[in-house]
Amino acid sequence: MTIQERVRDPGRLEALRATGLLESPRVPLLDQVTRMAVRLLGVRAALVTLIAEDRQVTLSSAGTGRPPPRWTPLSQSMCRHLLVDDAPLAVDDARGDERWTDIGAVARGEPAAYAGIPLHAPDGLPLGALCVIDDRPHAWNQEELEILSDLAAMAETGIGSQAAEQTHRRLEQEHTFLSALLDSLKAPVVACDTEGRLVRFNQPMRELMHAPEQPMATDRWAPAYGMFAPDGRTLLAPEQVPLARALAGEHFDDQEVVVRAPGAPPRRFVTNGRPIETPDGHRLGAVSSGHDITARHRLQMLRDTQHAVTRALADAGSVEQAACGVIGAIGGTLGWACGEYWQSDPERALLTRTGAWTRPGRDLSAFTGPDAMTVRSGQGLPGRVVDSGRPVWIRDLNTEPDRLVRDGQALEAGLRTAVGLPVRSGERVLAVLTFFTDTAEEPDDDLLDLLGGVCAHVGRFMERRRAEDLALALTASRRRFDRVVAQLDDLVWSAEIEQDGAARWIYQGGSTTGILGGHVPLGVDAAAFIGERVHPEDRQAFDGLLAGVRAGRPVQAEYRLTGLDGVTRWIWTRAAPRREDGRLLADGISTDVTERHRIAAEREHLLAAEREQVRRLRELDRMKDELVALVSHEIRSPVAMIRSYADLLTGDPGLTGEQRMFADVIDRRSAHLQHLVDDLLDLARLDAGHTAVDPRPVSLTRLVRQAVDEHRAAAAAKHLTVEVALEHHLPVRADPVRLRQVLDNLLSNAVKYTPEHGTVTVTAGGDGDGGKADESGTATVTVADTGIGVPAEEYPRLFDRFFRASTAVESGITGTGLGLAVTKAVVEAHGGTITAAPRQGGGTVFTVRLPTAGPAS
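Residues numbered from 1 in each chain as written. Predicted model: local features only at pLDDT ≥ 70, side-chain atom pairs only at ≥ 80, totals over all residues. Heavy atoms only, no water.

1. Side note on the overall build of the chain
Step number 1: Helix and strand counts for the chain stand at 24 helices and 30 strands.
Step number 2: A globule of 857 residues ought to have a C-alpha radius of gyration of about 29 Å, yet the chain, at 55 Å, is considerably larger.
Step number 3: Relative to its 857 residues, the chain shows a buried fraction of 43%.
Step number 4: Working note: accessible area of the chain is about 44800 Å², and carbon and sulfur atoms make up 53% of it.
Step number 5: For the chain, the separation between the mean place of its 97 positive charges and that of its 120 negative charges on side chains is 4 Å. (Helix = DSSP H or I, 4+ residues; strand = E, 2+ residues; numbered from the N terminus. Rg over C-alpha atoms; globule rule 2.2 N^0.38 Å. Buried < 20%, exposed > 50% of the residue type's maximum accessible area, 1.4 Å probe, protein only. Areas by Shrake-Rupley, 256 points an atom, 1.4 Å probe, with all protein chains shown as cover. Lys, Arg positive; Asp, Glu negative; His and termini not counted. Charge placed at Lys NZ, Arg CZ, Asp CG, Glu CD.)

See the structure below:
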């Protein structure tokens, strides 16, 4: 029979309870026995103990040192081993006895020697022991054991006497005893009767459930008292509730249950259950007890999390893979719903979600979304973590709204708790990890501490990987740099500036032949080598370069240098000094700029020639303009006289039809000539600045309407439709005469170049608020036609003098090519702009924009 079986033997336990010694005060006879044992055997201590079902009860003790506790957990009892053989037990040195290695006092070396005699009930069942303990190894002899046996007989007499006295009170105290025993347990215990009615919660169970026992059906136990499966989320089915299993006749141990009592953090228990039956098999009810393993489970969970994170980091090939692996490891081991990784960009104060994890079987696509997200510092959960630099725990999103950018989606997805964790490198936040749960979780400082350590591990990994990536990139860049430098004609170099002023080359990129006319090895004093070969006229420039480098200033200089091959070259050197480990170094580039100097000399010669040519061209242009103005002025008077005489001729009633036709031809041709002369004069005056506009407040609407009315007759002759859309009142500051000239030119061109039955559309409006012009706005006039149009490649030249579109030439429509040039000059004199563009469907659109405040003074 094992110790456990002997301890739990029902007959033995019944005899033990019958003594009444478990609840009684100290028994004088037993105290006398222990004192005699200490005195007669010369030991440190003597005890009379009873072995109850789950503990060792000390009835009496004597000896030096602190009195032992009234009771000791059975696992820490040395006397329980006497129950197996029900025989005396003597151990010379308990510290070497394997049976007691799990006893804390033995492990601390407090008891060394032990001797004990079993104590029996009157019916002969072992109840406990009289034992003596010494703090040094002790070889027990037969005489000592006989003395101890005699004293044990005295103790049994006292026990029997006490049992007789307690027998008559046992029945009336049994119920009280059971209640006190259950309430004294740390483990919660619940019992029900044969009908499934809850009849007993011990005190730990009442504290755990935050409620007393209440009569209710068995299928209500799990929801009423918040009992969940080990995942902490699945409510136990009625038949899986531990007490229900026991009531159904099951004997079980170690069923894991999570209890979520209202207003309390979740607790995790392993539970045992037993049906309560009479010896003849009649079932009276059931009992279930639990052992709180919350702390143990938490510790194991934290260890699992650390191991999972370590594996994720070890398996990651990049920082992004590591981040996704970490959030999956943390979320998976902690049973959370999802996690996200947010990369920080401190320069732009932005965080970008670059990774996400969702628990398998949980669809959170409406919350996480398929695309990358970006938030600003301070925005949402990750932004708050960056701003504060500390973890953020939101217990319940239902009661703490407006804490996330995606509150609505989170609540719709059933998420409750949100946790944000910074990943640091020193004081700098590199990234943020966010997690979400399906249930409201109380803030857990221990968990945050662990996750803080995990994040620190991730931060170190990220920094190490970035350093490795940078080192690889630096090596690759160095190779690329060397390849590029090898292709250069320039000399890329580094030199160490020594205390005596020498500048010794420590790096040369490429060959020195192109600059120095031959090979110069590393270690040569560049200052002395080049100084001997610098052109005397450039010695001052080279000395200034050396002085700047020695003073630690970036410098550059050009100088002539006679190389090893005897060729004199112009060299341009740029140098940038730097300090490194107490050394003064300089990095530089030397370039052969001889060709540049030659080209510069030739350029100066060419520039001088070009300036002379420009001067002559300007003189010719001025003479041309003066000639045009002179010729135009000299032609204008004769043309005016011709038109006057032609007018007199047409008024003579005596002219024949043919004569009148000739007079009309003279008048038309002279009018065309006069118009051409007027355009030339206008352009000449505008170019010379002799003709200025005279702006005044005018109604652009009225001017446009007048111009349209005057061209309606010409349009009607070609059966053209003229459409007009004008603002009711469109005030501008402009020269009415010049502005009317612009409108007439545009309208006459539209009528001229539009075939019969076409359309001319004129609009005018403002670019201010509501489409109206104001003092600080712009007035716009557009003239659109459905005419022959202009090829797209010719629009840039449309306003050049004497230019005519190819479509106009091919159509045989006459013109001078000066009208649009004059129009542009007048518009620009008003501070405005004019543009031309193809009209959708064919034709051309001219757009004039004028500042309503008039031209700048």
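2. Structural notes on the sheet that holds strand β29 (residues 833-838)
Step number 1: The sheet built from 5 strands is open, its strands ordered β25-β27-β28-β30-β29 with mixed pairing. Two strands in the sheet have a free side with no partner beyond their single neighbour: β25 (721-726) and β29. Pairs of neighbouring strands in the sheet enclose a mean axial angle of 10°, with direction left out of account.
Step number 2: Pairing between β25 and strand β27 (residues 759-766): 6 bridges, direction parallel. The residue bridging A725 from the neighbouring strand is T763, located in β27.
Step number 3: Across the face of the sheet, helix α22 (residues 736-752) comes into contact with β27, β28 (778-785), β29 and β30 (844-851) while running at roughly 20° to β28. (Pairing = 2+ DSSP bridges. Axes fitted to C-alpha atoms, helices over the stretch in contact; angles between N-to-C directions. Contact = heavy atoms within 4.5 Å.)

3. A short note on unusual backbone geometry
Step number 1: The backbone phi angle of H719 is positive, close to 55°, even though this residue is not glycine.
Step number 2: Looking at the secondary structure, you find H719 in the loop between α21 (700-717) and β25.
Step number 3: Given a relative accessible area of 47%, H719 falls into the partly exposed group.
Step number 4: Although it is not a glycine, H757 adopts a positive phi angle of roughly 65°.
Step number 5: Within the fold, H757 resides in the loop between α22 and β27.

4. Some points on the pattern of salt bridges
Step number 1: The full count for this structure, using the stated rule, is 33 salt bridges.
Step number 2: Of the charged contacts, one joins D54 and R55 as a salt bridge, the two residues approaching to 3.3 Å between their closest N and O atoms.
Step number 3: Where salt bridges share partners, they join R359, R362 and D438 into one cluster. (Salt bridge = Lys/Arg side-chain N within 4 Å of Asp/Glu carboxyl O.)

5. Structural notes on the packing of helix α10 (residues 294-315) against helix α11 (residues 319-334)
A pair of packed helices is characterised by two quantities: the angle between their axes and the separation of those axes.
Step number 1: Close contact between α10 and α11 brings their axes to 8 Å; oriented N to C, the two are set at 160°. Between α10 and α11, the angle falls in the class roughly antiparallel. Where α10 crosses over α11, the two elements pack in a sense that is right-handed. Across from M301, D304, T305, A308, V309, A312 and L313 in α10, the residues of α11 making contact are A322, G325, V326, A329, I330, T333 and L334. (Parallel < 35°, antiparallel > 145°, perpendicular 65-115°, else oblique. Left-handed = near helix turned anticlockwise from the far one by under 90°.)

6. Topic: the nonpolar core
Step number 1: Judged by nonpolar contacts, the single largest core of 39 residues is most densely connected at L700, V704, L746, L798, F799, F846 and V848.
Step number 2: Those elements that provide at least two residues to this core are α21, β26 (731-734), α22, β27, β28, α24 (819-829), β29 and β30.
Step number 3: The leading source of residues in this core is α22, at 7 residues.
Step number 4: Not counting residues within four places of it along the chain, the set of residues in contact with F846 comprises L746, V781, T782, V783, L798, F799, L820, T835 and A836. (Core = buried A, V, L, I, M, F, W, Y, C linked by side-chain atoms within 4.5 Å.)

7. Here we look at the packing of α22 against α24
Step number 1: Axis separation between α22 and α24 bottoms out at 9 Å; the angle between their running directions is 145°. In terms of crossing hand, the pair formed by α22 and α24 is left-handed. For the pair α22 and α24, the contacting residues are R738, Q741, V742, N745, L746 and N749 in the first and G819, L820, V822, T823, V826 and V827 in the second.
Step number 2: When the residues that make up the contact of α22 with α24 are grouped by side-chain class, the tally is 6 nonpolar, 5 polar and 1 charged. (Nonpolar A, V, L, I, M, F, W, Y, C, P; charged D, E, K, R; others polar.)

8. Things to note about the packing of aromatic side chains
Step number 1: This structure, assessed with the given rule, holds 5 aromatic pairs.
Step number 2: Look at F201 and Y225: their rings are 5.6 Å apart centre to centre, the planes differ by 65°, and that puts the pair in the edge-to-face class. Of this pair, F201 sits in strand β8 (residues 198-201) while Y225 sits in helix α8 (residues 221-225), and the two are 24 residues apart along the sequence.
Step number 3: A relative accessible area of 2% means that F201 is categorised as buried.
Step number 4: Accessibility expressed as a relative area gives 6% for Y225, which makes it buried.
Step number 5: Geometrically, the ring pair formed by F367 and F436 is edge-to-face, given 4.9 Å between the ring centres and 75° between the ring planes. In this pair, F367 sits in helix α12 (residues 365-368) while F436 sits in strand β18 (residues 428-437), placing the two residues 69 residues apart along the sequence. Neither residue differs from the other here; F367 and F436 are each classed as buried.
Step number 6: R55 extends its terminal NZ or CZ atom over the ring of W71, reaching a point 4.4 Å from the ring centre.
Step number 7: A cation sits over an aromatic face here: R596 above W572, 5.4 Å from the ring centre. (Phe/Tyr/Trp six-rings, centres within 6.5 Å; stacked < 30°, edge-to-face > 60°. Lys NZ or Arg CZ within 6 Å of the ring centre and 35° of its normal.)

9. Overview of the pairing of β27
Step number 1: As judged from the 7 bridges shared by β27 and β28, these two strands associate in the antiparallel manner. The partner of G766 across the bridge, within β28, is A779.

10. Focus on the sheet that holds strand β23 (residues 583-592)
Step number 1: If you walk across this open sheet you meet the 5 strands as β20-β19-β23-β22-β21, and the pairing is antiparallel. Each edge of the open sheet is held by one strand with a lone partner, namely β20 (503-509) and β21 (555-562). Adjacent strand axes in the sheet meet at a mean angle of 30°, parallel and antiparallel pairs treated alike.

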